[in-house]
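# A look at the structure
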Amino acid sequence: MRALLPGLALCLALALPASGPAQPVADPTPLQFQDAAEETRFHALTSELRCVQCQNQSLADSNAQIAQDMRREVLALMRQGRSDAQIKQFLVDRYGEFVLYRPAVHGQTWLLWFGPGLVLLLGAGVLWHVVRRRAAAVPETDTPEPPEQDW
Amino acid sequence: MLPELGQLLLLLALTVAALQALLPLAGAHAGRAPLMAVARPAALAQLLLLAGAFAILTWAFVVQDFSVRYVAANSNSLLPMIYRYSAVWGSHEGSLLLWALVLALWTAAVALCSRSLPQAVVARVLGVMGVVATGFLAFLIFTSNPFERLLPAAVEGRDLNPLLQDPGLIFHPPLLYLGYVGFAVPFAFAIAALLDGRLDARWLRWTRPWTNVAWAFLTLGIALGSWWAYYELGWGGWWFWDPVENASFMPWLVGAALIHSQAVTEKRGSFGGWTLLLAIAAFSLSLLGTFLVRSGVLTSVHAFAADPSRGVFILVFLGLVIGASLLLYALRAGRLQPGAGFRPVSRETLLLVNNLLLASACAMVLLGTLYPLLADALDLGKISVGPPYFGLLFFLLMVPLVALVPFGPLLRWQRDQASAVLAVLLPWLGLAVAAGAAAWLAAPAGGWKSALGVAAALWVGAGTLRFVWARLRNSGRLTLEMWGMALGHLGIAVFLVGALLVEARNVQREVALKPGQALELGEYRFVFQGVEERPGPNYLSDRGQVQVLRKGRELALLHPEKRAYASGGQVMTEAAIRPGLLGDVYVALGEPLGEGAWAVRVHLKPFVRWIWAGALLMALGGLVTAADRRFRRRTEEKTA
Amino acid sequence: MNTPQTHKPQGLPVVAVVIGALFFVGLIGLMGYGVLRSGDANRDVLPSVLIGKPAPEFSLPVLHDPSIQAGSAQLRGAPYLFNVWGSWCAACREEHPVLTRFAESKRVRVVGYNWKDEPADALRWLEQFGNPYFVVLADREGRYALDWGVTGAPETFLVDGAGVIRWKHTGPLTQAVIDAELLPALAQVEQGR
């Protein structure tokens, strides 16, 4: 009896009018692949593309309407024989570089791609300098430290 | 009535925090003991007040008081009891109260466990933590009051986000905060040391266990979040390099560097300046992460809904705290005594390299996360930075680190002979390479990633075990610190197996199936047996049944679901997973296709559990290290 | 283990302090910019990369008479507004009165691009709410949406007489947007600039 009341509330809450919220025309049938290689390539490619309508989801993961259409288009382009680069360019021409999760490498992303390397180089330089300075304080001898003081 | 009491408690807590900040710091500066003595009781009082406020908010959720705006926004009459508890931290205001409570917990713990430290040190440390608490409580009370009333009271609440109605999400924020916020302890110590003008190895011996425990909790929090995303977000990913994930990963990276740097400073007196800087950086990144998630600066499905006025408040606070810390560091760090020197081939150098790589990785993550915002600010257009960027660069930075891990424990302090250590480790390197090659030949589908995962894991694992074996053979025992190190590094090895192998060898397929039809993937066969409607406490579920067969024999009966929640109509995909040591079988429902047919999606994820097992080992390593006896030795002097 | 110090403690290198300070100020500045922008509802809108480029060539059946095909070729010669909508789109209903009022001014042709809609639903919607469109082209499969860089509905493009896209708005049109952006853009197009 206890379970009835919440159950009833649930049913009432979920009772939708016959017309219901409208949906755009969509075909949710999963895409069919010709072979495993095509499927792998498709997954890899769509993982590198961004859903243009979502808050940070890849084209592979998104369920948004436009994402489904874009996936179909990507598969169609793949079957037309276009390369990954050409497919990416196709989408960039229409949506801009926003659609690439792997940012293009050019003047405006130079800092992004090479910044970390520069930080590493700079840090390595500092490190080398520090090690040299500290090494000067320790004369080179042949006797290593006894193991007990080793930890 | 009670919510008003809650507000009062918050105001009192703010007052106490302000006193805890001002008086002891002034007292330490002027050397006046009565002022310094305020610190401990203030810390304890703050904990009691905040615990009370938190309890009141919890009570409001449990009894479903929809006259409290926050409760009305995050709860619902149909919400199951267990989630009423976790709904307390389900959104911005409540999670901020949790943040403040966790800070009060850490502060009280420091207050209670610091009898062996000089009073001035304790006063400064608690004072700095009081400053942080004051800022957060002010933010809470003035912009994000969880006890704000909604009059007239709502008839029905808006419900807790269905994504959060999940066991994993109950523990994820508290663990994360225990970690994040716990970095306030080494931070406060660093500031105290800079204010005092010197860094005493004894103080470091005191701080190390706290830092290790905080880092362990952060590891657990991140791992739990990753595991939750895996089973809840429907498509089996375990890390997305999402801005909010990155916000928690950056303090983790710097925290890892910090625990290593602290070890060197405690034992050798070296790297004092680096240790202090890392301590400031770790907590600064925690604050930055807290800011990023709540300010609306970044676009992410994870982020709390926020408004610009809140963002400005935290930003100003952040700027003041970090700016003042860095200024203090710039002025005082140069005065620290450098420790003993060391030769290029020594454990010190290796740990410097370790910290450089971790810090560079953190810088990379920060750059990638903020770059879209930077591009927008500089009018360079809308650019996306996603997993292909982060994954590649992180991998490149971690390769040298993983290569060097086994050397660290074996190399001596100050100077050692490279040839000696190489001779010890070379056979294991050979074994690792051979195993990698064998993996490649045995399962070429995995490619080089799979081979590399096996080789790297064996390298790190064997190198670490070699150290353990040598110790046991030579002195018959390992300290807990050494065991902690071994566990942590073994955790890296286990994690490498999981991360690289699942990426290299995971397979998936999505097919339209009618009841009775099956799909094949790998050596598995998935028979779809239809979907039936089942009501849940606050949702209606389409519950599918999929029979999983391997080599003709039934392995499992899985029940993926699609849940429509009553409150907002949101539809959640609940995947069904058959966990396994060597891999998961993962089944999810897609969309209904009419006439009983459904899109069914299956994944095979080899070794995916090893990812979180590795993280668990790392966290365990941190906790075990913290328990070492060296940290429990009473320090001899009481005077500063 | 006490090795002699070969140097006294010195201050931090000035270079390091300067770099650190610059980085810190830059970071806070960037965060400040982010916070100020976070209140802007348009922050996450993806700007069109097709501004200044020719509109995609398209040819679609007319909603009210599918035997007739119309498209970019037929529309060339004079500017037109290309409005993406669907009967399933709640926000389209929001902008409908504003769009209707603008269309009645007969300033520019308003072409409806009926996106991913069942023709019967679309016709019923227009009957119920009114038809502001010069012509409605039905793209049930959504073949051309990608070419226009459409991310959702409603979206509105301004195309000039030569077929070049001159302006795009994502989201429902409001009178404020029309006054502040569309009318000036339209004026430029009409003056041949």
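Counting from 1, residues in each chain are numbered in the order their sequence is written. The lettering of chains begins at A and the numbering of ligands begins at 1, in the order of writing. With pLDDT at 70 or above as the cut-off, local features in this predicted model cover only qualifying residues; side-chain atom pairs require 80 or more to be listed or tallied, and sums for whole chains, interfaces and linings still use all residues.

### Some details on the overall build of chain A
Keep this limit in mind: Counting from the N terminus, the helices are DSSP H or I runs at least four residues long and the strands are E runs at least two residues long. Put plainly, a residue is buried at 20 or more neighbouring C-beta atoms within 10 Å of its own, exposed at 12 or fewer, and partly exposed in between, counting only other residues' C-beta atoms, which are placed from the backbone. With C-beta atoms placed from the backbone, a contact is any residue pair whose C-beta atoms sit within 7 Å.
Helix and strand counts for chain A stand at five helices and zero strands. Counting from the amino terminus, helix and strand elements in chain A follow one another as α-α-α-α-α. When the 151 residues of chain A are sorted by exposure, 25% land in the buried category. Considering only intrachain contacts with a sequence separation of at least 6, the fraction spanning at least 24 residues in chain A is 44%.

### Focus on the overall build of chain C
The line we're drawing: Computation of the radius of gyration draws on C-alpha atoms alone. For the globule rule, the value is 2.2 Å times the number of residues to the power 0.38.
For chain C, the helix and strand inventory stands at six helices and seven strands. Against the globule reference of 16 Å for 193 residues, chain C gives a C-alpha radius of gyration of 26 Å, more extended than a compact globule. Based on the C-alpha atoms only, the size of chain C along its principal axes is roughly 95 × 40 × 30 Å. Here chain C holds 193 residues, and the buried ones make up 35% of them. Across chain C, contacts joining residues at least 24 apart in sequence account for 72% of those joining residues at least 6 apart.

### Notes on the interface of chain C and chain A
The line we're drawing: Only Asp, Glu, Lys and Arg are considered charged, only Ala, Val, Leu, Ile, Met, Phe, Trp, Tyr, Cys and Pro nonpolar, and every remaining residue, Gly among them, polar.
Opposite the 20 residues of chain C that make contact, chain A presents 19 residues. When residues in the side of chain C that touches chain A are grouped by element, the largest group, three residues, is from helix α5 (residues 145–148) of chain C. Considering only residue class, the side of chain C that touches chain A consists of six nonpolar, eight polar and six charged.

### Side note on the interface of chain A and chain B
Many authors give the size of an interface as the accessible area that is lost as the parts come together. Between chain A and chain B, the contact holds 45 residues from the first and 54 residues from the second. Sorting the residues of the side of chain A that touches chain B by element identifies α1 (4–14) and α5 (110–135) of chain A as the ones contributing at least two each. Among the residues making up the side of chain A that touches chain B, the classes are represented as 26 nonpolar, ten polar and nine charged.

### A few points about the pairing of strand β6 (residues 155–159) of chain C
Residues and elements named next belong to chain C. Put simply, the rule reads: In short, DSSP must find at least two bridges between two strands for them to pair.
Here β6 lies mainly inside the structure; five of its five residues are buried. Taking every second residue as pointing to the same face, both faces of β6 are buried, with Glu 155, Phe 157 and Val 159 on one and Thr 156 and Leu 158 on the other. Hairpin connection, β6 to strand β7 (residues 165–170): the antiparallel pair is bridged by five residues, and Gly 163 has positive phi, about 90°.

### Comments concerning the environment of A:Lys88
Tracing the backbone shows A:Lys88 in helix α4 (residues 84–95). Distance in space between the C-alpha atoms of A:Lys88 and A:Glu48 is 9.2 Å, their sequence separation being 40 residues.

### With respect to the sheet that holds strand β1 (residues 507–513) of chain B
All names here are of chain B. Convention followed: For helices, the fitted axis covers only the stretch in contact; all axes are lines through C-alpha atoms, and the angles between them, taken along N-to-C directions, range from 0 to 180 degrees.
Taken in spatial order, the four strands make up an open sheet running β1-β10-β9-β8, and their pairing is antiparallel. The sheet is open, and its two borders are formed by β1 and β8 (576–578), each paired with just one other strand. Within the sheet, the average angular offset between the axes of one strand and its neighbour, ignoring direction, is 20°. Sheet topology places β1 next to strand β10 (residues 597–606); seven bridges connect them, and they run antiparallel. Within β10, the residue paired with Gln 508 across the bridge is His 603.

### Thoughts on the nonpolar core
Residues and elements named next belong to chain B. Heads up, the condition is: Buried Ala, Val, Leu, Ile, Met, Phe, Trp, Tyr and Cys residues form a nonpolar core when they are connected through C-beta atoms within 7 Å.
By size, the foremost hydrophobic cluster in this structure holds 275 residues, and its most contacted members are Ala 100, Leu 103, Ala 184, Phe 187 and Val 254. Broken down by element, the residue count for this core peaks at 17 residues, all from helix α10 (residues 201–232). When near neighbours in sequence (up to four residues on either side) are disregarded, Phe 187 contacts Ala 279, Ile 280, Ala 282 and Phe 283. Counting 19 residues, the second largest nonpolar core, distinct from the first, contains Val 531, Ala 575, Ala 576 and Val 587.

### What to know about helix α14 (residues 347–377) of chain B
Residues and elements named next belong to chain B. Defined as follows: One fewer than the residue count of a helix, multiplied by 1.5 Å, yields its expected span. Fitting axes to the seven residues ending at a residue and to the seven starting there, one defines the bend at that residue as the angle between these axes.
The end-to-end C-alpha distance of α14 is 43 Å, a good match for the 45 Å that 31 residues give at a rise of 1.5 Å each. Along α14, the sharpest change in direction is near 45° and occurs at Tyr 371; proline Pro 372 comes one to four residues later. Extensive coverage of α14 is indicated by the burial of 25 of its 31 residues. Of the residues one or two after α14, Asp 379 is the one with positive phi, at around 60°.

### Description of the pairing of strand β4 (residues 539–550) of chain B
Residues and elements named next belong to chain B. Taken together, the ten bridges between strand β3 (residues 524–535) and β4 define a ladder with antiparallel strand orientation. Paired with Phe 528 across the bridge in β4 is Val 546. In sequence, β3 turns back onto β4 through a hairpin of three residues. Strand direction decides the pairing type here: β4 and strand β6 (residues 561–565), joined by five bridges, are antiparallel. Paired with Asp 542 across the bridge in β6 is Lys 562. As consecutive antiparallel partners, β4 and strand β5 (residues 553–558) are separated by two residues, and within that stretch Lys 551 has a phi angle of approximately 50°, a positive value.

### Some details on the packing of helix α6 (residues 92–112) of chain B against helix α7 (residues 119–143) of chain B
Residue and element names in this part refer to chain B. Spelled out, the test is: For classification purposes, angles smaller than 35 degrees are called roughly parallel, those larger than 145 roughly antiparallel, those between 65 and 115 roughly perpendicular, and all remaining angles oblique. Handedness of a helix crossing follows the sense of rotation of the near helix relative to the far helix, less than a right angle counterclockwise being left-handed and clockwise being right-handed.
Where α6 contacts α7, the two axes come as close as 10 Å, and the packing angle between them is 165°. When the axes of α6 and α7 are compared, the pair comes out roughly antiparallel. Where α6 crosses over α7, the two elements pack in a sense that is left-handed. Here α6 contributes Leu 96, Leu 97, Trp 99, Ala 100, Leu 103, Ala 104, Thr 107, Val 110 and Ala 111 to the contact with α7, which in turn contributes Val 125, Leu 126, Met 129, Val 132, Ala 133, Phe 136, Leu 137 and Leu 140. Across the contact of α6 with α7, the residue classes tally to 16 nonpolar, one polar and no charged.

### A few points about the confidence of the model for chain C
All names here are of chain C. For the record, the criterion: Residue-level confidence of the predictor is summarised by pLDDT, bounded by 0 at the bottom and 100 at the top.
Across chain C, the average pLDDT comes to 90, with 94% of residues at or above 70. Considering only residues more than four positions removed or in separate chains, one finds that residues 1–8, a stretch of pLDDT under 50, has eight contacts. For this predicted complex, the interface score ipTM comes out at 0.90, while the overall pTM is 0.93.

### Points about unusual backbone geometry
The amide bond that connects B:Leu151 to the next residue, B:Pro152, takes the cis arrangement and shows omega of 0°. Mapped onto the elements, B:Pro152 comes out in the loop between α7 and α8 (167–182). Cis rather than trans, the peptide bond between C:Ala153 and C:Pro154 has omega equal to -5°. The residue C:Pro154 is located in the loop between α5 and β6 in this model. Non-glycine residue C:Lys106 carries a positive phi angle of around 55°. Tracing the backbone shows C:Lys106 in the loop between α3 (90–104) and β4 (109–115). The exposed category is assigned to C:Lys106, around which 9 C-beta atoms lie within 10 Å. Located in the positive-phi region is C:Lys116, a residue other than glycine, with phi close to 55°. Of note, C:Lys116 is situated in the loop between β4 and α4 (119–129).

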